[in-house]
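Per-entry structural report
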Amino acid sequence: MKHDDDTAALGALACVDLDAWPIHEPGAAEYALKVARVRKDLKAVGCARIEGFIREAYRQTLAAEVNGVAPSAHFSTSSINPYFTPDDPALPESHPRRRYSENTNGFVAMDRFPANGLSLSLYRSPDFQRFIADCLEEETLFTFDDPLAGVVVNVMKEGQQLAWHYDTNEFIVSLLTRKPHEGGAFEYVPDLRQPGDECYDDVEQVLDGRSDRVRRLSLELGDLQIFKGRFSLHRVVKGKGERHTVIFGYAKEPGFIGRVERTRKVHNRVTQAHIDAEKHARNDGLAD
């Protein structure tokens with residue numbers, strides 16, 4: 001298939017290497033093989049690297065789109081624990097909820113993206129959404145109702161870092177659009193906690209540098225990543241040069257909106273939708 005001759009017909013999928021990743025043909029044998037491979041990686045290590053997902057001809061186009069919105073990122077330097085929660089003096093000093101590290105990076109909110117750009121088009125594509133759901137063995141996935149967090153860009157300038165943390169949503173789909181000259185690796189510990197059990201002793205070992213479960217992944221431009229970030233502790237180490245990652249947020253149930261405190265820390269603002277959603281508590285028994 002000559003995708004270069006059929007860009008308009010492909011629409012949101014024009015940027016995807018459909019020869020390597022035929023996400024538009026869910027009934028095809030090749031589609032089933034690729035999904036099976038991603039599922040295997042997710043089960044084994046909680047993370048899947050989908051290499052070369054974006055066609056080479058579109059990588060610079062996507063990078064330019066992200067470079068265009070990057071200046072609107074809200075940057076913050078803060079001291080966080082893995083749960084983004086306030087200090088609890090009732091706990092021992094060594095407890096993970098009292099272990100704070102410097103967190104320095106910026107985020108571009110979804111309402112800063114061009115409405116018809118590649119990022120939002122891909123995020124809302126039913127084919128892309130179905131592919132992600134199949135990889136995660138979910139019947140259906142839903143885009144966020146959160147007006148700021150459905151698609152974001154994580155911007156890390158030279159010397160900045162994402163400290164050890166868990167994500168608010170159960171899984172993250174991300175796309176590297178700008179790679180630092182050196183460093184900036186993604187490190188994670190798969191399935192370190194589970195619903196109802198924070199596994200604090202295991203987390204403490206990671207924070208102390210005593211765990212043998214830490215894995216490292218270096219992504220390349222055009223690579224898509226699926227990662228179970230609500231259950232796997234993770235961070236991005238400092239690098240030389242700027243790093244941009246587009247993050248697509250999906251949820252298992254409709255209506256997902258981030259919490260006020262976390263949203264304000266990330267974007268320095270909240271909307272009425274966030275305030276209204278605060279009335280509804282999460283039901284997985286885990287800290288945010």
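Just so you know, these numbers come straight off a predicted model, no measurement behind them.

**Focus: the side chain of Glu187**
Mapped onto the fold, Glu187 is located in strand β9 (residues 186-189). Overall, the relative accessible area of 8% leaves Glu187 in the buried class. A polar contact of 2.4 Å, which involves the side chain of Glu187, links it to the side chain of Arg216. Those residues in contact with Glu187 that lie beyond four places of it in its chain are Trp164, Val214, Arg215, Arg216, Leu233, His234, Arg235 and Val237.

**Remarks on helix α6 (residues 200-207)**
Here α6 has its buried residues at Val203, Glu204 and Val206. Here the buried residues of α6 occupy an arc of 160° about the axis, which is enough to place them on one side. On its buried face, α6 is in contact with β6 (162-165), β9 and β12 (233-236). A positive backbone phi angle near 75° is found at Gly209, which sits one or two residues after α6.

**Points about the packing of helix α2 (residues 29-45) against helix α5 (residues 126-135)**
Two numbers describe how α2 lies on α5: the axes approach to 8 Å, and their chain directions differ by 50°. As far as their axial angle goes, α5 and α2 are oblique. Here Tyr31, Val35, Val38, Arg39 and Leu42 of α2 lie close against α5, whose contacting residues are Arg130, Phe131, Asp134 and Cys135. Split by residue class, the contact of α2 with α5 holds 6 nonpolar, no polar and 3 charged.

**Details of the sheet that holds strand β1 (residues 47-50)**
In space, the 7 strands of this open sheet follow the order β1-β11-β7-β14-β5-β3-β2, with antiparallel pairing throughout. Where the open sheet ends on each side, the last strands, each with one partner, are β1 and β2 (74-80). For this sheet the average axis-to-axis angle between neighbouring strands, irrespective of direction, equals 30°. Strand direction decides the pairing type here: strand β7 (residues 172-178) and strand β14 (residues 243-248), joined by 5 bridges, are antiparallel. By the bridge assignment, Arg178 is partnered in β14 with His244. Of the strands in this sheet, β1 and β11 (224-227) touch α2, which is tilted by about 145° from β1. Sheet strands in contact with α5 are β1, β7, β11 and β14, and its direction is about 45° off that of β11.

Cut-offs applied
- Residues numbered from 1 in each chain as written.
- Predicted model: local features only at pLDDT ≥ 70, side-chain atom pairs only at ≥ 80, totals over all residues.
- Heavy atoms only, no water.
- Helix = DSSP H or I, 4+ residues; strand = E, 2+ residues; numbered from the N terminus.
- Buried < 20%, exposed > 50% of the residue type's maximum accessible area, 1.4 Å probe, protein only.
- Polar contact = N/O pair within 3.5 Å; in protein donor to acceptor, adjacent residues only side chain to side chain.
- Contact = heavy atoms within 4.5 Å.
- Arc of directions from axis to C-beta.
- Axes fitted to C-alpha atoms, helices over the stretch in contact; angles between N-to-C directions.
- Parallel < 35°, antiparallel > 145°, perpendicular 65-115°, else oblique.
- Nonpolar A, V, L, I, M, F, W, Y, C, P; charged D, E, K, R; others polar.
- Pairing = 2+ DSSP bridges.

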